[in-house]
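# Analysis of the macromolecular model
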Amino acid sequence: MRLFWPAVLVLATSCGLAEDGTEPVVTGEFGSKPRVAIPGGQPGRTPRITVLSVGSGRRTAQGDVVLADVDIRRWSGNRPYLNTYDANQPTTVVFDGREVSETWRQALIGRPAGSRVMLVSPAAEALGPNVPLTGVSPDDTLVLVFDILGGYPRDARLVGRTLPVAPADLTPSSPPRTLIDGSGREIVAGAKVVVQYVAAAWPSRAVVDSSYRRGGPGAFTLKAGAVPAAWLEALVGRRVGSRVAVPAPDRIYVIDVLDTITPSA
């Protein structure tokens, strides 16, 4: 899932106070679906950002591809709207000059990886001009809780390595093959992996998908149904920094593992 909501309205402030002193209460660990309690008062009309916890990773920067999990709900009735936790697919936001909601920019840029940030905002500012297409009113107030997995350059790759290419002797019936051994953290089942990859069709070997061409790294959860089945066997037990060739029934993937985020206990 790639969520892009262009901006037309600018935050009046990044720390506006709610009317009646109301503030949602968020519980749960970073990386797990947050539990959000919304009070009975009025939310206010000024977008505001609250840092709920500060991570220890690299700070995100303008120009990054920012990967995050997000839970979005309506203030009224605490009605869930969208979340990436149940879908096992973090959202990808590219801050490269393309229009992205200003509220998202202020919530996500300059934050250390591992941070949890809450945005409370009228939908018009939170989602941008396409909000009528999303099933909410521009006047609705939304509560968004972000878990920032990290920010990565669009051209992030394994240090000192060329772009990946599918091995000429690999076929869909071949076992997965480690092309480069990484020395970073071990990848475990259920973890999120941050990868760049190319996919070549079989038997033509023409490249049919490439994160390098499409916009940069993506994050995927190593669970059945969230990634191609062949990825689970191939990536669990490998280490960050690895390059793995992964045959699948109709294509061959070559995956560069840039990072991993282990789920909370």
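Conventions and cut-offs
Residues numbered from 1 in each chain as written. Predicted model: local features only at pLDDT ≥ 70, side-chain atom pairs only at ≥ 80, totals over all residues. Heavy atoms only, no water. Helix = DSSP H or I, 4+ residues; strand = E, 2+ residues; numbered from the N terminus. Buried < 20%, exposed > 50% of the residue type's maximum accessible area, 1.4 Å probe, protein only. Contact = heavy atoms within 4.5 Å. pLDDT = per-residue confidence, 0-100. Core = buried A, V, L, I, M, F, W, Y, C linked by side-chain atoms within 4.5 Å. Phe/Tyr/Trp six-rings, centres within 6.5 Å; stacked < 30°, edge-to-face > 60°.

On to the environment of valine 165. Its place among the elements puts valine 165 in the loop between strand S8 (141-152) and strand S9 (177-180). For valine 165, a relative accessible area of 60% gives the class exposed. A C-alpha to C-alpha distance of 9.8 Å links valine 165 and arginine 205, two positions 40 residues apart in sequence.

Along the chain, valine 51 falls in strand S3 (residues 48-53). Looking at valine 51, the relative accessible area reads 36%, which means it is partly exposed. Separated by 67 residues in sequence, valine 51 and methionine 118 place their C-alpha atoms 6.3 Å apart. For valine 51, the residues in contact, after removing those within four places along its chain, are Arg111, Arg116 and Val117.

Scored by pLDDT, the protein chain comes out at a mean of 88, with 89% of its residues at no less than 70. In the model, residues 1-18 has pLDDT below 50 throughout and makes 64 contacts with residues more than four positions away in sequence or in other chains.

Counting 21 residues, the largest nonpolar core has Phe95, Trp104, Leu108, Leu142, Leu144 and Phe146 as its most contacted members. Contributions of two or more residues to this core are made by strand S4 (65-74), helix H1 (102-108), strand S7 (116-122), helix H2 (123-127) and S8. The element contributing the most residues to this core is S8, with 4 residues. Every residue in contact with phenylalanine 146, bar those within four places of it in the chain, is listed here: Asp69, Val70, Trp104, Ala107, Leu108, Ser115, Arg116, Val117 and Leu119. Listed in part, the 18 residues of the second largest apolar core include Val195, Phe220, Ala248 and Ile255.

As a further point, take the packing of aromatic side chains. This model, assessed by the stated rule, comprises 6 aromatic pairs. Here the aromatic rings of tyrosine 197 and phenylalanine 220 are separated by 6.4 Å at their centres, their planes lie at 70 degrees, and the arrangement is edge-to-face. One end of the pair, tyrosine 197, is in strand S10 (residues 192-201); the other, phenylalanine 220, is in strand S12 (residues 218-221), with 23 residues separating them in the sequence. When its relative accessible area of 17% is taken as the criterion, phenylalanine 220 is described as buried. Here the aromatic rings of tryptophan 231 and tyrosine 253 are separated by 5.5 Å at their centres, their planes lie at 85 degrees, and the arrangement is edge-to-face. You can see tryptophan 231 sitting in helix H4 (residues 229-235) and its partner tyrosine 253 sitting in strand S14 (residues 251-261), a full 22 residues away along the chain. Neither tryptophan 231 nor tyrosine 253 differs from the other in exposure class; each is buried. The structure contains a cluster of three or more aromatic residues connected by ring pairs, namely Tyr197, Phe220, Trp231 and Tyr253.

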